[in-house]
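Residues per chain are reported as follows:
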Amino acid sequence: MILPIVTQRWFTAQAQDTKALGAWLGYKAQPGDIFTCCGVLGAGKTTFVQGFADGLGVGTEEYVRSPTFTLLQEYHGRLPLYHFDLYRLSDISEVYDLGFIDYLDAAGVVVVEWADKFPALFTDPHLEVNIRVISPDSRCVLCTAYSVSYVRYFL
Ligand code: ADP
Ligand code: MG
């Protein structure tokens, strides 16, 4: 069983702030790190990942959008970024069919939108980014480290 170690709460007043938070985490990301993204449709998960990619050094020519139809987009920054969106999947076997487990062990960074649909996938240490809508332009972003190895993202 994997336990939450610490949660840090952020408030963002506009989409740009959520991108900036993502960029900070992307800047610090290391090979093999896993980020789960939760929140309702339109919460700001993809917006967060856009900032994250920027912080990881992904060029602006590789525009980050929700890989809702492709399920997986790969970007190339300082490290490879594997961006999953599990919204359209209904069975965990479909996630395994994507080769998901192999990406977790890869030398890149994995970010997964709608990760909360399949909690059984995330038994390894990871950082959860849970975005809650406060108003049309503001969000509460709860970042939770599942393992002390992710506490460094808060420092
Ligand atoms: P999701 O991937 O969770 O479905 P998106 O990132 O695609 O959500 O969409 C979020 C929408 O909310 C975008 O249009 C974005 O501009 C808007 N938005 C407004 N305020 C914020 C905020 N503080 N943080 C993130 N997104 C915001
Ligand atoms: Mg999205």
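Residues numbered from 1 in each chain as written. Chains lettered and ligands numbered in written order. Predicted model: local features only at pLDDT ≥ 70, side-chain atom pairs only at ≥ 80, totals over all residues. Heavy atoms only, no water.

(A) Spotlight on the packing of helix H1 (residues 15-28) against helix H2 (residues 45-55). Two elements in contact, H1 and H2, have axes whose closest approach is 6 Å; the angle formed by their N-to-C orientations is 45°. The orientation of H1 relative to H2 falls into the category oblique. Judged by the sense of rotation from one axis to the other, the crossing of H1 with H2 is right-handed. Of the residues in H2, those touching H1 at Ala15, Thr18, Lys19, Leu21, Gly22, Ala23, Leu25, Gly26 and Tyr27 are Thr47, Phe48, Gln50, Gly51, Phe52 and Gly55. Grouping the constituent residues of the contact of H1 with H2 by class yields seven nonpolar, seven polar and one charged. (Axes fitted to C-alpha atoms, helices over the stretch in contact; angles between N-to-C directions. Helix = DSSP H or I, 4+ residues; strand = E, 2+ residues; numbered from the N terminus. Parallel < 35°, antiparallel > 145°, perpendicular 65-115°, else oblique. Left-handed = near helix turned anticlockwise from the far one by under 90°. Contact = heavy atoms within 4.5 Å. Nonpolar A, V, L, I, M, F, W, Y, C, P; charged D, E, K, R; others polar.)

(B) Examining the site of ligand 1 more closely. Near ligand 1, the surroundings consist of 17 residues, among which Thr18, Gly42, Lys45, Thr46 and Thr47 are the closest. Thr18 is positioned such that a nitrogen or oxygen atom in its side chain is 2.6 Å from a nitrogen atom of ligand 1. Interatomic distance of 3.1 Å between a side-chain N/O atom of Arg139 and an oxygen atom of ligand 1. Its free accessible area being 580 Å², ligand 1 has 74% of it covered by the protein chains. (Near = heavy atom within 4 Å. Polar contact = N/O pair within 3.5 Å; in protein donor to acceptor, adjacent residues only side chain to side chain. Areas by Shrake-Rupley, 256 points an atom, 1.4 Å probe, with all protein chains shown as cover.)

(C) Spotlight on H1. A rise of 1.5 Å per residue sets the reference length of H1, with its 14 residues, at 20 Å; its end C-alpha atoms lie 20 Å apart and thus fit the reference within 8%. As for H1, its buried residues are in contact with strand S1 (6-12), strand S2 (34-38), H2, strand S6 (126-135) and strand S7 (138-146). (Expected span 1.5 Å × (residues − 1).)

(D) Region of the structure containing the environment of Pro4. Inspection of the secondary structure puts Pro4 in the segment before S1. Note on Pro4: relative accessible area 47%, which makes it partly exposed. The spacing of Pro4 and Val148 is 144 residues in sequence and 9.1 Å in space, taken between C-alpha atoms. In this structure Pro4 touches Thr144, Ala145 and Tyr146, once residues within four positions along its chain are discounted. (Buried < 20%, exposed > 50% of the residue type's maximum accessible area, 1.4 Å probe, protein only.)

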